[in-house]
Each structure stands twice: as C-alpha cells, then as structure tokens.
Amino acid sequence: MAARSRLKAVLIDLSGTIHIEDSAIPGAVSALKRLRDGALKIKFVTNTTKESMATLHHRLTKIGFDIQPTEIFSSLTAARNLVKEKGCRPMLLLQDSAKEDFKGIPTENPDCVVVGLSPDSFNYDTLNTAFRLVLEGSPLIAIHKAKYYKRPDGLALGPGPFVAGLEYAAGVRASVVGKPEAAFFTEALKTLDCSPEEAVMIGDDVQGDVEGAQRAKIKAILVKTGKYRPGDEEKINPAPTAVCDDFSAAVDLLLKDFL
C-alpha cells in the first residue's frame, strides 16, 4: 500500500461488506467504530436499488451501525440526477420503496427506461414494454449492472442480466451510473474533498467495487464476504491492493498500516 500519510478517506460498500439485508456481518459494527476513531473521512458507496435511501438508512441503524444519511452515496441518486439532466420521464423498473427517491420526477408517457434491482418488474410484459420504448429510441439507463448479489438464502440474480437482455434485443448500450463506473467513485470522493490517491475502497465485489475503484485510481481491498467467490481476486488485473477475510480485518489492516 501507499505511504500512510497519504490516506485521508475510506469508501465502503454496504451490502455484502458490512451487512446482508437485516444482519450485520460479524464484527462489522465494532470495526466501523474503530475506523471512525482513526479520524479518516468515510463515505458509504452503494449500488443498492431495491429500496429508498431512507429505508436503507433505517435498516442500517436498526442493526447497530452509526451512519448518517449524508454519509451514503447512492447510485439511485446518480440515476435521478441523470434523468433530471436529460429532462426524461422515466419508466422505472424499480421496487416501490426505491421509487421514493424519484419523487417529483414525472413518469407519465415515459420516454426513457431506468433499470435497478426489481424482481417484481422482471417479467415478460414489463420487460417487453421497456424493450419497445428503447427500440423506438428512448434512452436505457442502468443504475448498475451487477450480475448477482448475496441474500440470506444464497446468491441471487442482479439487474445486470436483464439490462443485458434489453441491450441485446434493442441493439443499444445502456448508460450505467453506478459502480463500477469510475465517475461514480470520483463523484463520491468530491463530497469528501479528497483525491483518488488519498483514498481506499473496501468491498465484496471484485469487479463492481475493486476493479471499478482501481480504474478511478483508488486503492481497493477485497473482502471475502457477501458475493465473494473463491478465486475472485485472480479475475482482475491489477490484483486488489489487499484481500481480507472480512470488513473487520480490512479495518485492522488500514489502522495498522496507516495510523
């Protein structure tokens, strides 16, 4: 890792890294407290799209995490900003909770398609309506393209396969706003007034978290929880800055090496 004096901020993934739905990863609550004691700036960066940021924050505090809403940087926010910038009326393939983050955005007579993690929307009729809109020229916006994520009952399909299906059928490329896009990470760092060289990312997704961060010139630690699969660290080049058993071990490494 780089010299300790240069580290000023830590970007932390949520689902799979510090919690899985309504359960904290063992040791993660106390590890976050230790990290805060290290006086580093912290931002939680998430692709979570199945619920609003208010619901997500309530979930995290309920299971013991000391996190402020302003510390969460979400791909839902990035997608809303893009829709407003384009002046679009989106067809939202989102769960009802996540749609709360698009309040105030008109959705009648949609002229763009926004896809997040929405099991209730991933059926033939809804996807076919979205396909027809995209085929007729409406922009396709993917909040992210994760292949899968971790649930208490095991791995489950993410929105990526459904976005890929729409891309394939309509012959288009989606605009992706969340991880692993480099712009997502750099925008998160702007909120901390921090350069990429002064930050490190901790996450369980070797491509979305680690490879994405490294493309943005941010050091990245892969944790072996959540969606991690044995051998993931060998799937990218360059390799992760470090690989740790869990978030607690990653925090111990940071505090040992940098503080």
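Quantities reported herein were computed from a predicted structural model and do not represent experimental measurements. One numbering rule holds for all chains: residues counted from 1, following each sequence as written. Reporting in this predicted model follows two pLDDT cut-offs: at least 70 for local features of residues, and 80 or more for side-chain atom pairs to be given and counted; totals over whole chains, interfaces and linings ignore these cut-offs and use all residues. With hydrogens and water stripped out, all remaining heavy atoms of the structure feed into the side-chain values.

## A closer look at the pairing of strand β13 (residues 219-223)
Under the scheme applied here, a residue whose accessible area is under 20% of the maximum for its type counts as buried, over 50% as exposed, and between as partly exposed, the area being computed with a 1.4 Å probe on protein chains only. Helix numbers and strand numbers start at the N terminus; a helix is a DSSP run of H or I with at least 4 residues, a strand a run of E with at least 2. Of all five residues in β13, five are buried; the element is thus mostly enclosed. Side chains K219, I221 and V223 of β13 all project onto a buried face; the interleaved residues A220 and L222 project onto the opposite face, where all are buried too. One ladder, built from four bridges, connects strand β12 (residues 199-203) with β13; its direction is parallel. By the bridge assignment, M201 is partnered in β13 with A220. Here, the term right-handed applies to a crossover whose path from the first strand over the helix to the second runs clockwise when the strands point away from the viewer. The parallel pair β12 and β13 is bridged by helix α8 (residues 206-215), and the resulting crossover is right-handed. Strands are labelled as partners when DSSP assigns at least two bridges between them.

## Focus: the pattern of salt bridges
Within this document, salt bridges are pairs made up of a side-chain nitrogen of Lys or Arg and a carboxyl oxygen of Asp or Glu, the two lying within 4 Å of each other. Throughout the structure, instances matching the rule amount to 16 salt bridges. With a shortest N-O distance of 2.9 Å, E167 and K145 are connected by a salt bridge. You can see E167 sitting in helix α6 (residues 160-170) and its partner K145 sitting in the loop between β8 (140-142) and β9 (148-151), a full 22 residues away along the chain. For E167, a relative accessible area of 11% puts it in the buried group. For D153, the salt bridge is made with R151, and the minimal N-O distance between the two is 2.9 Å.

## Comments concerning the environment of G64
Of note, G64 is situated in the loop between α2 (53-62) and β5 (72-74). Each C-alpha atom of the pair G64 and G203 lies 19 Å from the other, and the pair is 139 residues apart in sequence.

## Observations regarding α8
Burial runs high along α8: seven of the ten residues are buried. When α8 is considered as a whole, its buried residues turn out to be V206, G208, D209, V210, G212, A213 and Q214. The criterion used for residue contact is that any of the two residues' heavy atoms lie within 4.5 Å. Its buried side turned inward, α8 meets α7 (182-190), β12 and β13. Any pair of N or O atoms that falls within 3.5 Å is considered a polar contact. Within protein, one atom must be able to donate a hydrogen and the other to accept it, and sequence-neighbouring residues count only if both atoms are side-chain atoms. With a side-chain oxygen positioned 3.0 Å from the backbone nitrogen of Q207, the residue opening α8 is D205. Following α8 by one or two positions, K217 has its phi on the positive side, about 70°.

## Points about the sheet that holds strand β6 (residues 90-93)
In sheet architecture, strand pairing relies on hydrogen bonds along the backbone and comes in two forms, parallel and antiparallel. Spatial strand order, β6-β7-β8-β11: four strands in an open sheet with parallel pairing. The sheet is open, and its two borders are formed by β6 and β11 (175-176), each paired with just one other strand. The pairing of strand β7 (residues 112-115) with β8 spans three bridges and is classified as parallel. Looking at β8, one finds that V114 is bridged to I141. Packing against the sheet, helix α3 (residues 75-86) makes contact with β6, β7, β8 and β11, and its axis sits at approximately 160° to β8. Angles here are taken between N-to-C directions and fall from 0 to 180 degrees, while the axes themselves are lines fitted to C-alpha atoms, restricted in helices to the stretch in contact. The sheet contacts of helix α5 (residues 124-135) involve β6, β7 and β8, and relative to β6 the element is tilted by about 145°.

## Quick notes on α7
Among the residues making up α7, those that are buried are F184, F185, A188 and L189. What you see down the axis of α7 is that its buried residues fit within an arc of 135°, all on one side. Elements that come into contact with the buried residues of α7 comprise β1 (9-12), β4 (41-46), β5, α3, β12 and α8. Here the arc refers to the directions that run from the helix axis out to each C-beta atom.

Don't take any of this as a statement about function, it's just geometry.
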